[in-house]
Amino acid sequence: MNESLQLLAPAKVNLWLRVLAREASGYHSLETAFAAVSLADRLEFVRREKPGVELVVSGDEDTGPIGSNLVYRAATAFLARMGGAAGVRINLEKVIPAAGGLGGGSSDAAATLRGLSALFSDPIPKEDLLRIAAGLGSDVPFFLAPSPLALGWSRGERLLSLPPLPVRPVLIAHPGVAVPTGEAFRRLAEMRGEGSGAGPQALDLSVLRSWASIAELATNDFEFPAFEQIPRLAAAKERLLAAGAEVALLAGSGASVFGIFADASGMEGVVAELEREGWRCWRARTLEHWPQPTARH
Ligand code: C5P
């Protein structure tokens, strides 16, 4: 039995993201393809005698009050489902920019469910974990899916895992401005009026089998409001494409942008330009497998 474990919580990008109709709940139905990337937060789980959760957060990102942190909420839900007698201390080192459209908080929550499952020898059935995950946020279930590449629909919590594609270098750039998710949806709805953004489409499975065919579909409906609000996001996307990115998009609801490259040689010039203009850049790669928990050394 492990006393402590470490686990990386990777960021995600959406290779396409269509925002469909607004549901009666006020939430919008989505159609998306998620891909996990190697930029990751670091979590450590240590058993403790005292029941309950202790969370220690480090890193530059402002993650808000501990009680509303998704790691704290995920761990609290997990331990409650186990019966409430167990205790854990969690160290969370934030690396992924907060509110950047990269799913950092969601991934941390899912990594907490994965990590505690490993620490306590799988006390909770997978379906129940998925239910806890969906209750924490729409992007959380993806990070529990079998593969780090998946189609998602409804709010993103209904998933079809796909065979991973070959690993590709990814450049992630953040302009230092946060775009809260709710605001992005509101602006998109205002700009669109009543219509839904997506017309009929009949795709073949082959579109998901190569980066080149995914590149043809790559789109993100949030670019529409985000580029209007922050024009340098559109300029950054154009630069990524000009530098040879096969796919370049706004990440999720923003405000990060990312480029997936066939090889890393084109990346360095854009990194230098963007960093000169105050962007934060991370060199990452797409993932073929989820990170696994490791015992602490
Ligand atoms: O999921 P989260 O709580 O971050 O969402 C914040 C807000 O974004 C929601 O209150 C809702 O207004 C909007 N939203 C939406 N459709 C989604 C997800 C979020 O309209 N699928």
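What this report covers is the structure whose coordinates are included nearby. (Residues numbered from 1 in each chain as written. Predicted model: local features only at pLDDT ≥ 70, side-chain atom pairs only at ≥ 80, totals over all residues. Heavy atoms only, no water.)

1. A short note on helix α4 (residues 181–192)
And step 1. Here α4 contains 12 residues, and its C-alpha end-to-end distance of 17 Å stays within 8% of the 16 Å for a straight helix at 1.5 Å per residue.
And step 2. Of all the positions in α4, only Ala184, Phe185 and Leu188 are classed as buried. Mapping the buried residues of α4 onto a view down its axis gives an arc of 95°, with all of them on the same face. Across α4 from its buried face, at more than 90 degrees, point the exposed residues Arg186 and Glu190.
And step 3. Lining the buried residues of α4 we find β1 (4–22), β2 (28–48) and α6 (223–229).
And step 4. Residue Gly193 follows α4 closely and has a positive phi angle near 75°. (Helix = DSSP H or I, 4+ residues; strand = E, 2+ residues; numbered from the N terminus. Expected span 1.5 Å × (residues − 1). Buried < 20%, exposed > 50% of the residue type's maximum accessible area, 1.4 Å probe, protein only. Arc of directions from axis to C-beta. Contact = heavy atoms within 4.5 Å.)

2. Side note on the sheet that holds strand β10 (residues 257–261)
And step 1. Read from one edge of the open sheet, four strands run β9-β10-β7-β11, paired in antiparallel fashion. A strand with exactly one partner marks an edge of an open sheet, and here the two such strands are β9 (245–250) and β11 (280–285). Within the sheet, the average angular offset between the axes of one strand and its neighbour, ignoring direction, is 15°.
And step 2. In this sheet, β11 lies alongside strand β7 (residues 169–174) in antiparallel orientation, the contact comprising six bridges. (Pairing = 2+ DSSP bridges. Axes fitted to C-alpha atoms, helices over the stretch in contact; angles between N-to-C directions.)

3. A closer look at the environment of Gly244
And step 1. Within the secondary structure, Gly244 is located in the loop between α7 (231–242) and β9.
And step 2. On a C-alpha basis, the gap between Gly244 and Phe227 in space is 21 Å, while along the polypeptide they are 17 residues apart.

4. Let's talk about the pattern of salt bridges
And step 1. Taken as a whole, this structure holds 17 salt bridges when the rule is applied.
And step 2. The salt bridge involving Lys94 is made with Asp108; its shortest N-O contact spans 3.0 Å. Placement of the pair is Lys94 in strand β4 (residues 87–94) and Asp108 in helix α2 (residues 104–119), with a sequence separation of 14 residues.
And step 3. For Lys94, a relative accessible area of 8% puts it in the buried group.
And step 4. The shortest N-O distance in the salt bridge between Glu246 and Arg168 comes to 2.4 Å. Of this pair, Glu246 sits in strand β9 while Arg168 is found in the loop between β6 (158–161) and β7, placing the two residues 78 residues apart along the sequence.
And step 5. Linked by salt bridges that have partners in common, Arg18, Arg192 and Asp221 make up one network. (Salt bridge = Lys/Arg side-chain N within 4 Å of Asp/Glu carboxyl O.)

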